[in-house]
Number of protein chains: 2
Amino acid sequence: MNDLDLGALIKVHRKEAGLTQLELANLAGIGKTTVFDIEKNKETVRWSNLLAVLEVLNIKVEFKSPLPK
Amino acid sequence: MNDLDLGALIKVHRKEAGLTQLELANLAGIGKTTVFDIEKNKETVRWSNLLAVLEVLNIKVEFKSPLPK
DNA sequence: CATTTTTTACCGTTTAAGCAGTAAATGTAA
DNA sequence: TTACATTTACTGCTTAAACGGTAAAAAATG
């Protein structure tokens, strides 16, 4: 209902960077299991862990609101 | 280094919606403590809890990558 | 084909997020 | 000012996320 598949987006970028799940986990400073969970769209992961992965893969996060600044 | 203050963004939108932290927590189906933590930029909160708050406040999340689709 | 790598999956253990309750501090309104 | 509402802060408990280890599928490589 949100965007289509954040897990898939991350996976594509990981592959593009030539990284395995384990390598990405080490670079992000998190466990391999968590990387696996994130790519499987498990949403109960920590925001900080998701952020760490996104940073390694150079994916920016933007929050769009209907409110003017 | 990311965006400036997601907590503040959420707080502004919460106020705009005329909600207290407790009301927002109930609407999002999470605890009041977590709403407080989120507005204080605690990044170890669950991604699902952050999503729930954003959804109530009608704030969209976008992931921007340098990769073409 | 066989071999290696990677992914998926499950299992204990540890750790801390989540939570309600409470209370104090801050803010707001009468 | 007083009274009420809200936020901030702390406490203890419960629960599950995070984790490494292991192993079995699945993919990739020779």
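What counts, and where the lines are drawn
- Residues numbered from 1 in each chain as written.
- Chains lettered and ligands numbered in written order.
- Predicted model: local features only at pLDDT ≥ 70, side-chain atom pairs only at ≥ 80, totals over all residues.
- Heavy atoms only, no water.
- Buried < 20%, exposed > 50% of the residue type's maximum accessible area, 1.4 Å probe, protein only.
- Helix = DSSP H or I, 4+ residues; strand = E, 2+ residues; numbered from the N terminus.
- Contact = heavy atoms within 4.5 Å.
- Pairing = 2+ DSSP bridges.
- Near = heavy atom within 4 Å.
- Polar contact = N/O pair within 3.5 Å; in protein donor to acceptor, adjacent residues only side chain to side chain.
- Nonpolar A, V, L, I, M, F, W, Y, C, P; charged D, E, K, R; others polar.

K.L.:
Would you mind going over helix α3 (residues 32-39) of chain B in detail, with residue names and values included?
P.N.:
Residues and elements named next belong to chain B. For α3, every residue scored as buried is listed here: Thr34, Val35, Asp37, Ile38 and Glu39. In this fold, the buried residues of α3 make contact with α1 (6-16), α2 (21-28) and α4 (47-56). Within two residues after α3, asparagine 41 carries a phi angle of roughly 65°, on the positive side.

K.L.:
Tell me about the pairing of strand β1 (residues 60-64) of chain A, and please be specific about residues and values.
P.N.:
In regular strands, side chains alternate between the two faces of the sheet. Of the two faces of β1 of chain A, only the one carrying Val61 and Phe63 of chain A is buried; Lys60, Glu62 and Lys64 of chain A on the other face are not. Sheet topology places β1 of chain A next to strand β1 (residues 60-64) of chain B; five bridges connect them, and they run antiparallel. The partner of glutamate 62 of chain A across the bridge, within β1 of chain B, is glutamate 62 of chain B.

K.L.:
Report on the protein's contact with DNA strand C, specifying residues and quantitative values.
P.N.:
Near DNA strand C lie 19 residues; those nearest to it are Arg14 and Gln21 of chain A together with Gly31, Thr34 and Arg46 of chain B. Of everything in DNA strand C that lies within 4 Å of the protein, sugar and phosphate atoms constitute 78%. The contact in question runs from a phosphate oxygen of DNA strand C to an N or O atom on the backbone of glutamine 21 of chain A, over 2.9 Å. Within the side chain of lysine 32 of chain B, one N or O atom sits 3.0 Å away from a base oxygen of DNA strand C. Those elements that place two or more of their residues in the surface near DNA strand C are α1 (6-16) and α3 (32-39) of chain A together with α3 of chain B. Partitioning the surface near DNA strand C into residue classes produces three nonpolar, seven polar and nine charged.

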